Structure formats: C-alpha cells, structure tokens
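# Structural description and commentary
Spelled out, the chains give:
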Amino acid sequence: MLSNQSFDNNLEGLQQEYSILIEKINRLGSALAIETDVTRGLQYEQLLKQAKEKQEELDWQILQIKNQQLYYLLQRLDYTEQEQLFSRFIRRQQIAAFMIHGSSPDYGQHWLANRLLKEIRRVSDRPVLVDLDCLVYNPNSQTMWKELGRHFGGIKDSPDLIAEKVFKSWTTKNIYIVIDNVEFMCEKLLQELIQEFWSPLATKAQSVVSQTNFKLLVFLIDNAGFVKNQSWNVSFAEIFEPTWSCCTPVKLPFLKIFSDTVLQDWINNEFIHLPDQMIENVDEAVQTILENSEAGIPIPAFREICNLCECEWLEEWLKIY
C-alpha cells in the first residue's frame, strides 16, 4: 500500500495537470465561440472534445487516489483494543484462532479481519473463506464439515482428514482460514469445530512449529453478537497469559461504536490529509458523523466520513480477499 506522502504526491501531480487542462478547455471554448471559419471551428470542436474526455479521465483518477488515501486513513481509526490483543498473541505464536464478534455486520467484523490480515500476510497469501450461512437451512455437523471440506479437497472428508489436509498445506505456506457467520452455529457445533478440527490441528502443528516460519491462523466471525450472549461450555482466552495454549481460541474484545473522543482524535491525527470542511470545525464534523451512523456504528460512520471527504465508500473494502 502506498504511503500518505505517495498519495499526496500523486494527487498533487494530477491536480496540477487538471488545472492546466481546465485553462486549455476555457481557451478552446472562447476561441470556438468567436471563430467564423468552418474548418477552424471543426478543429476547435475536436480539440475541445478530446480535452473534455481527458478531463473525465483525470476526474476519475483523482477520485481513485482520494478513495485509496481515505481507505488508508480509515485503517487507522479505532479497533485499538482488538488490534493490540491480536498483536500480543501473534508476536509470540504462529498458530492461533481468533473470534471477531459484534452486534451486527455493521460493526466491521470483515473490516477488522482484513485489517489484521494486512498486518501479517504477504501479497501472495490468500485467505480461505468458509461461509457457514449454509447452516441456516441445515444446522448439523454434516453440513458444517461438508462446507469446510469443500475448501480443502473433499466434501465427504471427516474432520480429522480435513485437519490433516490443512496441516500438509501449512508445511509449505501460510494458512489463513476465515470462518464466517458462526452465529448460525449452536453450542454443539462450535464445540465440535474446536475439539474435532482446530484442537487436533493446532496440537499437531505446534509439535513441529520450530521447523517452519509459516503461520496457521483461523478467524471465527460472529456477525450478530450471538456467541457473546450465550452461556456456552466453550473455552476462550481473553487475555494473553504465558500458560495459554494455541488449542484455545482467543476471543477479541467485542466490537463497539466509535465514541466522539475516538473520532475527534482520529480527525486531529489525520488533519493534514482531510478536507477543510472536516478540520475547520472538528466538533461539528464529529456530530455529523455520529448523527448519520446511529451514534457511531463503524460501517455507517465510515460511509459518512467518505461523504464528508467527497469520496466513495466501496463495499469491496469489506470483502475478505
């Protein structure tokens, strides 16, 4: 990803080119308005058409740069607790499973998963997305193992065989598995996933971890806050302790709204790259964001920030890739 300085340099160059082009368009328009020679008039019309096409191209390029820069800046907005706890574990261990959970998808579970992945993955790494929305209609073990096995070579594979295939893949590359929509699981299914798949896989990987630098990470994504509200017999680690075993999934802090303080601090920290209408009255900008995001729900807040910055919110930013 480009640095802020690179974004600024690219944007400045395009804006200078745009200003020169606008002057050219104005001159051609003025010349065409007074030209009486038909041949010259047609030449001016052709040049004007080409200049306006170039203007549209530059408009698009400038918008893309602004979007990319704002995306870069939004990556630094909050999620601090989750990021810090993730970093504590990942600095000490190559093998781990993490629960990312919030009250609805608008709290940014996919956004955070991508953000955490960006911290550790190489460009060539591609996470495997396992979507458990299939459990809505068939909430049973067979459906869960079929969906998981589908991504690792066999829809009829048993949990231990799936784990074995994942293990073999991990010996040659980083493995990042994102298991989405775990809110559709019942207690029994979550227990089975951990006890019959993750725990044996993590145990075997841990026994040879000194022989490789590859990472083996699983992200469990709860898009409804369901796991938090259940008194299930499922063990999670919520703080890092020296005795922690990678067989135990880590439950990251529950996702929450952006407070006015968090938004103010972000605007003040990034002010040099934000538009005047945001930085001239920070309190007003914060209130506008809160009013248009149901008091600071992250994804609606991101959309409103894009609106204030005259940029485009892209749904593709939430895709796991």
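Up top is the structure.
Here's what I pulled together on the structure shown here. Keep in mind that this is a model prediction, so the values were computed, not measured.

Each aromatic ring pair is summarised here by two numbers: the centre-to-centre distance and the angle between the ring planes. According to the stated counting rule, one finds 17 aromatic pairs in the structure shown. Ring geometry for F240 against W244: centres 6.5 Å apart, planes inclined by 55°, an arrangement best described as tilted. On the basis of relative accessibility, which here comes to 14%, the residue W244 falls in the buried class. Members of the aromatic cluster, connected to one another through ring pairs, are Y71, Y79, W111, F258, F302, W313 and W317. Against the face of F240 rests R92, its NZ or CZ located 4.6 Å from the ring centre. K204 extends its terminal NZ or CZ atom over the ring of F167, reaching a point 4.7 Å from the ring centre.

Enumeration over the complete set of coordinates arrives at zero disulfides. C247 takes part in no disulfide bond, and the closest cysteine sulfur to it belongs to C246, at a distance of 4.8 Å. What makes C247 buried here is its relative accessible area of 16%. In this structure C306 is not part of a disulfide, and its nearest cysteine sulfur, from C311, lies 6.3 Å away.

Here the focus is a nonpolar patch on the surface. Together, V136, Y137 and F184 make up a nonpolar patch on the protein surface, roughly 340 Å² of accessible area in all. With respect to the element layout, F184 can be found in the loop between β3 (175-180) and α7 (187-207). Relative accessible area serves as the criterion here: at 32%, F184 is assigned to the partly exposed category.

Below, the discussion takes up helix α6 (residues 159-170). Because the α-helix completes a turn every 3.6 residues, residues three or four places apart line up on one side. Relative to the 16 Å expected for 12 residues at 1.5 Å per residue, α6 spans 16 Å between its end C-alpha atoms, a close match to the ideal helical length. Taken together, the buried positions of α6 are occupied by P159, I162, A163, V166, F167 and W170. For α6, the angular spread of buried residues about the axis comes to 140°, placing them on one side. Among the structural elements, β1 (95-101), α5 (141-150), β3, α7 and β4 (216-222) are those in contact with the buried residues of α6.

Basis of the calculations
- Residue numbers restart at each chain and count upward from 1, following the sequence in its written direction.
- Only residues with pLDDT of 70 or above have their local features reported here, since the model is predicted, and side-chain atom pairs are shown and tallied only from 80 upward, although totals for entire chains, interfaces and linings are computed over all residues.
- Computation of side-chain values covers all heavy atoms of the structure but excludes hydrogens and water.
- The criterion for an aromatic pair is that two Phe, Tyr or Trp rings (for Trp, the six-membered ring) have centres within 6.5 Å, with stacked assigned to planes under 30 degrees apart, edge-to-face to planes over 60 apart and tilted to the rest.
- Relative accessible area decides the class of each residue, using a 1.4 Å probe on protein chains only: under 20% of the type maximum gives buried, over 50% gives exposed, and in between gives partly exposed.
- Placement of a positive charge over a ring is assigned whenever Lys NZ or Arg CZ falls within 6 Å of the ring centre and within 35 degrees of the normal to the ring plane.
- In plain terms, two cysteine sulfur atoms within 2.5 Å form what is called a disulfide here.
- Patch definition: residues above 30% relative accessible area lacking any salt bridge, with like charges linked at up to 9 Å and the nonpolar side chains Val, Leu, Ile, Met, Phe, Trp and Tyr linked at up to 5 Å.
- Here the accessible surface of atoms and residues is derived via Shrake-Rupley with a 1.4 Å probe, and residues count as covered only by protein chains that are part of the display.
- Whenever Lys or Arg places a side-chain nitrogen within 4 Å of a carboxyl oxygen from Asp or Glu, that contact is recorded as a salt bridge.
- Under the scheme used here, helices are H or I runs from DSSP no shorter than 4 residues and strands are E runs no shorter than 2 residues, and both carry numbers assigned from the N terminus.
- In this analysis, the expected span of each helix is defined as 1.5 Å times one less than the number of residues it contains.
- Directions are taken from the helix axis to each C-beta atom, and the arc is the one they span.
- Here a residue-residue contact requires only that any non-hydrogen atoms of the pair lie within 4.5 Å.

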